[in-house]
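Coordinate analysis (summary)
Listed below are the residues making up each chain.
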Amino acid sequence: MKLDIVTAGENAIAPNYMIEGMLGLWREAGHDILIRPLGRMSRTPDLIIAHVDRTFVDEALMARERAAAPVVNGAVTDISKRTISAARVSQDDDYTGAVMVKSNLNFHGAAERRARALHIRAADSLWRLIKSVLPSGWTRESLHYRYPIYDRKADMPAWIWNDQNYVVERFLPERDGEFYVTRSWVFFGDRDHVRLSRSYSPIVKSQSTVSHEQLDAAPPELVEMRRKLGFDYGKFDYVEHEGRAVLLDANKTPTMTGRTPRHMDLLSHFAGGLAEFAPKQRADEAAS
């Protein structure tokens, strides 16, 4: 196939992304791969994979891509917490339990900040210097790259409710004895991998994980959420609460930094999912 990988503006895929590990496998299989910015077409591909590491994607540009060829993740243009969260609470509802504050943008908007113009970056550098000598309560810096947990809504700073950069969710930890647990479902087409991670910290991240366990399958609620959000490729983080899966985060550009034999086995497994998206006429040709 002629396969275009479209990005937020880059002409290469950084090695920390999972898809970068699949590109070599696809090239070995004979696919003609072009990496280019979203909307900047130079040929008519057989298939397009949207790998735009931004919370919001320009719908007009994505529509242009969809008009040219089938697009993997072509329907996913908004992964903000306000769109994907199933646990949001409001200032006026009757929820009285513990809450967690999150950034509305994916990964605290880190990709968006990297994309800013140089003069904006210079201004940010000055602002960071100023903030370093001010109390955190003055600058709201206490929430930057953190997920603060409060026993109840009334304990939160009141300004959070009026700041569109943040969302407030019910804090719904899953426990396994002394450990906190999160589950991750990574998928590409019909290929997937489900894993449970344990940590002593209520914020279960890779650096705080103490053990992993592979699970058999994603729960039906997550399968339906994937269909509803239009994901062909991505990673869903979730917990099980009162017998049901609760989606915590949806990522359409998952990372995989390792390239050990175990990682390569997983990448080979996922790379085989490309066949599901092959144009029908090619499948018919192969069958004949």
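Our structure is the block above this text.
Residues numbered from 1 in each chain as written. Predicted model: local features only at pLDDT ≥ 70, side-chain atom pairs only at ≥ 80, totals over all residues. Heavy atoms only, no water.

Right, let's get into the packing of aromatic side chains. Using the criterion set out here, one finds ten aromatic pairs in the structure. Between the aromatic rings of Trp-185 and Phe-187, the centroid separation amounts to 4.7 Å while the plane-to-plane angle is 50°, which identifies the pairing as tilted. Of the two residues, Trp-185 and Phe-187, neither departs from the other in class, the shared state being buried. The lysine or arginine in question, Arg-175, covers the ring of Tyr-180, its NZ or CZ lying 3.8 Å from the ring centre. (Phe/Tyr/Trp six-rings, centres within 6.5 Å; stacked < 30°, edge-to-face > 60°. Buried < 20%, exposed > 50% of the residue type's maximum accessible area, 1.4 Å probe, protein only. Lys NZ or Arg CZ within 6 Å of the ring centre and 35° of its normal.)

Before going further, it helps to examine the sheet that holds strand β2 (residues 32-37). Here we have four strands laid out as an open sheet, ordered β2-β1-β3-β4, and parallel in their pairing. Single-partner strands in this sheet number two, and they are β2 and β4 (71-72). Lying on the sheet, helix α1 (residues 18-28) is in contact with β1 (2-7), β2 and β3 (47-50); it crosses β2 at an angle near 145°. (Pairing = 2+ DSSP bridges. Helix = DSSP H or I, 4+ residues; strand = E, 2+ residues; numbered from the N terminus. Contact = heavy atoms within 4.5 Å. Axes fitted to C-alpha atoms, helices over the stretch in contact; angles between N-to-C directions.)

All right, on to the sheet that holds strand β7 (residues 166-170) then. Within the open sheet, the three strands sit side by side as β6-β5-β7. Their pairing is antiparallel. Each of the sheet's edge strands pairs with one partner strand only, and the pair in question is β6 (149-150) and β7. Pairing of strand β5 (residues 99-103) with β6 involves two bridges; the strand directions are antiparallel. Bridge pairing in β6 places Met-100 opposite Ile-149.

What follows concerns the pairing of strand β9 (residues 179-188). Among the ten residues in β9, ten count as buried, and that is most of the element. The side-chain alternation of β9 yields two buried faces, one formed by Phe-179, Val-181, Arg-183, Trp-185 and Phe-187 and the other by Tyr-180, Thr-182, Ser-184, Val-186 and Phe-188. When strand β8 (residues 174-176) meets β9, the two strands line up antiparallel, connected through three bridges. By the bridge assignment for β9, Arg-175 is matched with Tyr-180. Here β9 folds back onto strand β10 (residues 191-199), and the loop between the two strands holds two residues, one of which, Gly-189, carries a positive phi near 60°.

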